Amino acid sequence: MLTLTHAGDDPRPPRIARTVAALVCWGVLLAAMPALHAEDGYELWLRYAPAVVADPDSHGPGIAQLVAGSESPVQAATRRELLRGLQALSGVAPVGADTVTEDAALLVGTPASSSQIARLGLDLEGLGREGYRIRSAIVDGHATTVVAANDDIGVLYGAFHLLRLLQTGQPLADLDIREAPRLQVRVLNHWDDLDRYVERGYSGQSIWDWHRLPGWLDPRYTDYARANASIGINGAVLNNVNANADVLTPMYLEKVAAIAGVLRPYGMKVYLSARFSAPMQIGGLATADPVDPAVQAWWRAKADEIYSAIPDFGGFLVKANSEGQPGPQDYGRSHADGANMLADALAPHGGIVMWRAFVYSDEEPVDRARQAYNEFVPLDGRFRDNVLVQVKNGPIDFQPREPFHPLFGAMPRTPLMMEFQITKEYLGFSTHLAYTGPLYEEVLRADTHVQGPGSSVARVIDGSLHGHALTGIAGVANIGSDRNWSGSHFDQANWYAFGRLAWNPELSSRDIAVEWTRMTFSNDAAVVEPVVGMMMASREAVVDYTGALGLHHLMGRGHHYGPGPWVDGGPRADWTSVYFHRADRNGIGFDRTRRGSDAVSQYAAPVAGVFDDVAQTPEELLLWFHHVPWDHPMRSGRRLWDELVFRYDRGVDAVRDMRAAWSGLDGRIDAGRHAQVAAFLAIQQDEAQWWRDASVAYFQSISGMPLPAGAAPPPHALEHYKTLEFPHAPGDTK
Ligand code: BDP
C-alpha cells in the first residue's frame with residue numbers, strides 16, 4: 001500500500017515510538033559527550049554534530065532504515081553522505097535495504113532508480129534535473145521519509161536538505177517540501193594562479209595542487225565538492241580571471257580533467273578562465289583577432305580537445321580588455337565579437353561563455369562608474385544564446401556598499417549573471433568578521449524599476465523579468481589551503497550564504513545566518529541568538545569604520561589593506577581615492593547627478609529621479625551620488641561632518657560589541673574556534689580604530705572642521721598614517 005500522509009495524520013505504529021525514543025536517547029547522550037576531536041573548522045557546516053534535542057516530542061521520527069541506490073557515482077555519493085550524516089547525528093547507523101520494509105525509513109531516489117518511488121506517483125514536474133521533493137509518506141505500510149527527484153543530482157541536493165533539517169533540529173514529521181533552484185549556473189570563481197598563489201586570497205594557497213595533479217587527488221577536493229553540493233553550487237572556474245594561457249595546454253588539461261572527475265559525482269562542472277590571447281601564447285598564431293578564421297579554428301579545436309577529456313566541461317570565463325587583459329578591442333572588435341567567437345567553439349558541446357562586464361576605459365574616463373554600461377548596452381541582443389554577461393554587483397568594484405549596477409535591467413535581450421565577491425578584499429580580508437549575506441541580499445532585492453515596481457535585481461538574473469532561459473550567478477571564492485578553508489571561521493558563512501542565495505536569491509540573509517550558525521556552532525539558543533546578532537550587524541560596522549554615507553574606494557593602494565583616503569597620483573586617476581571622494585574645503589562626494597557625471601541617468605527613470613535628488617537619495621549612498629557641503633544637514637539633525645565622525649565611531653563601537661558578545665560565549669563554543677575568533681576580533685578592533693583614526697585625521701585636514709563634542713582626536717598626526725607601508729600584504733596582484 002502506498003499512501004501519502006497529510007498534516008495531522010498519525011500513521012505511526014507504536015514501534016516507531018520505540019525507535020524515536022531510542023534515537024532521542026542516543027542524541028541526548030551524545031550531545032552530552034565531548035567532541036572526539038578538536039574542532040578546527042575543516043568540517044565546515046557539515047559537522048553533523050549530534051543534535052541537542054530541546055523538546056524530544058517535537059523531534060519526529062529518527063531514521064532506522066536507509067533505502068538508497070548506489071548504482072551511479074552520484075547515487076553512491078548520496079548514500080555515503082546520508083550514512084555519514086545520519087550515523088553522526090543520531091549515533092546509530094541506519095540499516096541499509098533495497099526496499100522499504102520497516103518504519104522510520106528513508107527512501108531516496110528517482111522514479112527510474114526506485115520502483116517504490118515510481119509507485120508513489122509524486123508530482124515532480126517543473127523540478128528539472130536539480131529540484132527535489134521531500135515528503136512524509138506511508139510506503140508499503142511503513143512510515144517513511146521520501147526524497148525524490150527526476151535525476152540523481154536532485155536526489156543529492158534533497159539529501160543535503162534533509163540533513164540540514166536534522167542538523168538544525170527540525171522535526172521530520174509531515175514534511176512536504178518542493179525545491180528547485182532559481183538560477184541555473186551557480187559557480188565559484190577561483191582567482192587562483194597555476195603556482196597556487198591566490199589573487200585577493202587570504203586563506204593560504206590555492207586548493208588546487210597543480211604540480212601534484214593528476215597523480216595526487218587531495219581528499220580535500222572531495223570535501224570541497226561535498227560542501228558545495230550541500231548548498232547547491234554546481235560549478236567552479238578553477239583559475240584566475242587574470243588568466244595564464246598555460247591552463248589550456250594538454251599538460252594542464254589532464255590535471256583539469258582529474259579535478260573534474262572528483263567534482264562530477266557531486267554535480268559540479270569545471271570551467272576555465274580563458275586568456276583571450278591564448279592562440280598566440282600557446283598556439284603559435286600571430287594574432288588573436290576573433291574574426292580571423294585561423295583564430296576561430298584554433299578555438300574550435302581547443303574546445304574539441306577539452307571536451308574529449310572532459311565531456312561535461314562547463315565553458316569559459318573571460319576577462320577581456322579590462323585592467324590590461326587582452327581582448328577583442330585590441331583588434332577593433334567588440335566584446336560581442338569576442339564572446340561569440342568562443343561561444344561558437346563551445347556550442348557544439350553545450351558549453352557556455354561567461355563574459356565579464358568589469359571593464360573601464362584604458363583612457364582617462366569621465367566617471368569610471370559609467371564605463372561598463374556605456375560599452376555593453378549598445379551590444380544588447382548581439383550575444384549568442386550560450387553567452388552570459390557577468391556583471392559585478394555594483395558599478396565600481398565590490399566595495400562595502402555600492403548601489404546596484406546600472407546594467408541590471410538595462411540589457412533586456414542579454415542574460416546577465418551576477419558576480420559577488422566572497423573573498424573580503426574590501427571588507428577586512430579574513431581577520432574582520434563581516435557577514436556578507438546582507439550585502440548580497442541588499443543587491444538582489446534592489447528594485448531596478450525597469451518594468452515598473454517589483455523589477456528586482458533577483459528577477460533580472462533569474463531570467464523571469466525578461467524571459468531568459470540561461471541564468472547564473474558567480475561568487476569570487478574565499479577558499480584556500482587553510483585548514484578551515486576560508487581563513488576564518490566566520491568567513492565560511494559567506495561561502496555558505498552565497499550558495500544558498502544562488503539557489504534562491506529571495507532567501508533572507510538572517511535565516512541563512514541562523515541555519516549556518518546552528519550547523520557550524522550550535523543549536524543552543526544561547527549561542528544562536530548572539531552569534532546571529534553579531535553577524536547581522538557586522539557588514540554595517542565595516543561600512544561605518546571604513547567610510548559610510550556612500551564613500552568608496554578609500555583603501556590602501558595596490559594591496560588594498562587598511563585605510564588610504566589620501567591616495568592620489570600614480571598611473572591613473574581612477575585608481576586613487578581622491579578621485580572617488582572628491583573632498584575639498586567646501587565639501588565631499590562624487591557628483592553623479594545630471595549636473596555632474598550623470599551616472600544617475602543609467603538607471604530607470606524612477607530610480608534615477610531618486611538618486612538625482614539629494615533630498616531623496618538614501619543617506620547610505622549620499623556621497624556616492626552627491627557632492628555636498630561639510631555642513632549639509634542630515635536626518636539625524638547632525639551636519640554631515642559630524643555624522644561622518646559619528647559613523648566612524650559607531651563602527652568601532654560595533655566591533656567592541658561583537659567582542660563582548662563573543663567573549664560571553666566562552667565555554668559554549670569549543671575552545672579552539674572560540675580562541676581564534678576572539679583573537680581575530682581583537683585584530684579587527686585595532687584595525688577598525690586605525691581606519692577611523694586615519695580617516696578622521698585625513699578628512700579633518702581637508703574639511704578644517706573641529707571634531708564634534710566627545711569625539712576623540714586621532715592619537716597620531718595624519719603623516720603617521722600616510723607613511724605606514726605593507727610590502728608583503730597577502731593577495732596583492734603580482
Ligand atoms: C579587483 C581586484 C583585482 C581583480 C579585479 C577583477 O583588485 O585583483 O583582478 O577586481 O575583478 O577588485 O578583475
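Residues numbered from 1 in each chain as written. Predicted model: local features only at pLDDT ≥ 70, side-chain atom pairs only at ≥ 80, totals over all residues. Heavy atoms only, no water.

The name given to the protein chain in an unreviewed UniProt entry is Xylan alpha-1,2-glucuronidase, with Luteimonas chenhongjianii as the source organism. For the record of the protein chain, the UniProt heading Subunit (unreviewed entry) holds the text "Homodimer." UniProt's Sequence similarities (unreviewed entry) comment on the protein chain is quoted here verbatim: "Belongs to the glycosyl hydrolase 67 family." (UniProt positions renumbered as here; feature names shortened; annotations may be inferred.)

Participant: It is not clear to me how empty space enclosed by the protein should be interpreted in this structure. Could you clarify?
Facilitator: Rolled over the atoms, a probe as big as a water molecule pinpoints where empty space is left. With the rule as written, the count across this model stands at 11 cavities of 30 Å³ or more. Its boundaries defined by the atoms lining it, the largest cavity holds a volume of some 240 Å³. P400, Y426, L427, T546 and W691 are, among the 27 residues lining the largest cavity, the residues nearest its centre. Looking at the lining of the largest cavity, the elements with two or more residues in it are α15 (525-547) and α20 (671-703). Taken domain by domain, the lining of the largest cavity gets at least three of its residues from each of domain 2 (185-520) and domain 3 (544-590 + 627-723). (1 Å grid on protein atoms, 1.4 Å probe; cavity = no way out; pocket = protein on both sides within 12 Å on 5 of 7 lines; lining within 4 Å. Points joined across faces, edges and corners; volume = space filled by probe spheres on them. Helix = DSSP H or I, 4+ residues; strand = E, 2+ residues; numbered from the N terminus. Domains from an automatic or database assignment.)

Participant: What exactly am I supposed to notice about the domain arrangement of the protein chain here?
Facilitator: Size of an interface, as often reported, equals the accessible area lost when the parts are brought together. Domain annotation for the protein chain reports domain 1 (2-179), domain 2 (185-520) and domain 3 (544-590 + 627-723). The partner domain 3 presents 26 residues to the 26 residues of domain 2 that form the contact. Overall, the association of domain 2 and domain 3 removes approximately 2200 Å² of surface from exposure, summing both partners, and the carbon and sulfur fraction of that is 55%. Three residues stand out in domain 2 for area buried against domain 3, namely T431, H432 and H489, and they jointly supply 25% of the buried area on that side. Summed over the shared surface of domain 2 and domain 3, the result is 12 residue pairs in polar contact (both at pLDDT 80 or more). When its residues are assigned to classes, the side of domain 2 that touches domain 3 shows nine nonpolar, 10 polar and seven charged. (Contact = heavy atoms within 4.5 Å. Buried area = accessible area lost by both parts, 1.4 Å probe. Polar contact = N/O pair within 3.5 Å; in protein donor to acceptor, adjacent residues only side chain to side chain. Nonpolar A, V, L, I, M, F, W, Y, C, P; charged D, E, K, R; others polar.)

Participant: Got a minute to help me understand unusual backbone geometry in this structure?
Facilitator: With the exception of glycine, most residues fall at negative phi, and the peptide bonds are largely trans. Residue P214 follows L213 across a cis peptide bond; omega there is 0°. A positive phi angle, near 50°, is found at D174, a position not held by glycine. If you trace the backbone, D174 turns up in the loop between α4 (152-167) and β7 (176-179). Although it is not a glycine, R582 sits at a positive phi angle of roughly 50°. Note on placement: R582 falls in the loop between α16 (578-581) and β16 (587-588). By relative accessible area, which is 32% here, R582 ends up partly exposed. (Buried < 20%, exposed > 50% of the residue type's maximum accessible area, 1.4 Å probe, protein only.)

Participant: How should the site of the ligand be read in this particular structure?
Facilitator: In the vicinity of the ligand there are 15 residues, among which E199, K319, R356, D397 and E425 approach most closely. One of the side-chain N or O atoms of R200 is found 2.9 Å from an oxygen atom in the ligand. At 2.6 Å from an oxygen atom of the ligand is found a side-chain nitrogen or oxygen belonging to R356. For the ligand, whose free accessible area comes to 320 Å², the fraction covered by protein is 97%. (Near = heavy atom within 4 Å. Areas by Shrake-Rupley, 256 points an atom, 1.4 Å probe, with all protein chains shown as cover.)

Participant: Is there a simple way to explain the environment of H190 in this structure?
Facilitator: Mapped onto the fold, H190 is located in the loop between β8 (185-189) and α5 (219-230). Here H190 falls in the buried class, since its relative accessible area comes to 0%. Separated by 50 residues in the primary sequence, H190 and N240 have C-alpha atoms spaced 5.9 Å apart. When residues no more than four places from it in sequence are discounted, the contact partners of H190 are W208, Y224, A236, V237, L238, N239, N240, A477 and I479. Within the local environment of H190, its side chain forms a polar contact with the side chain of Y224, the two groups lying 2.7 Å apart.

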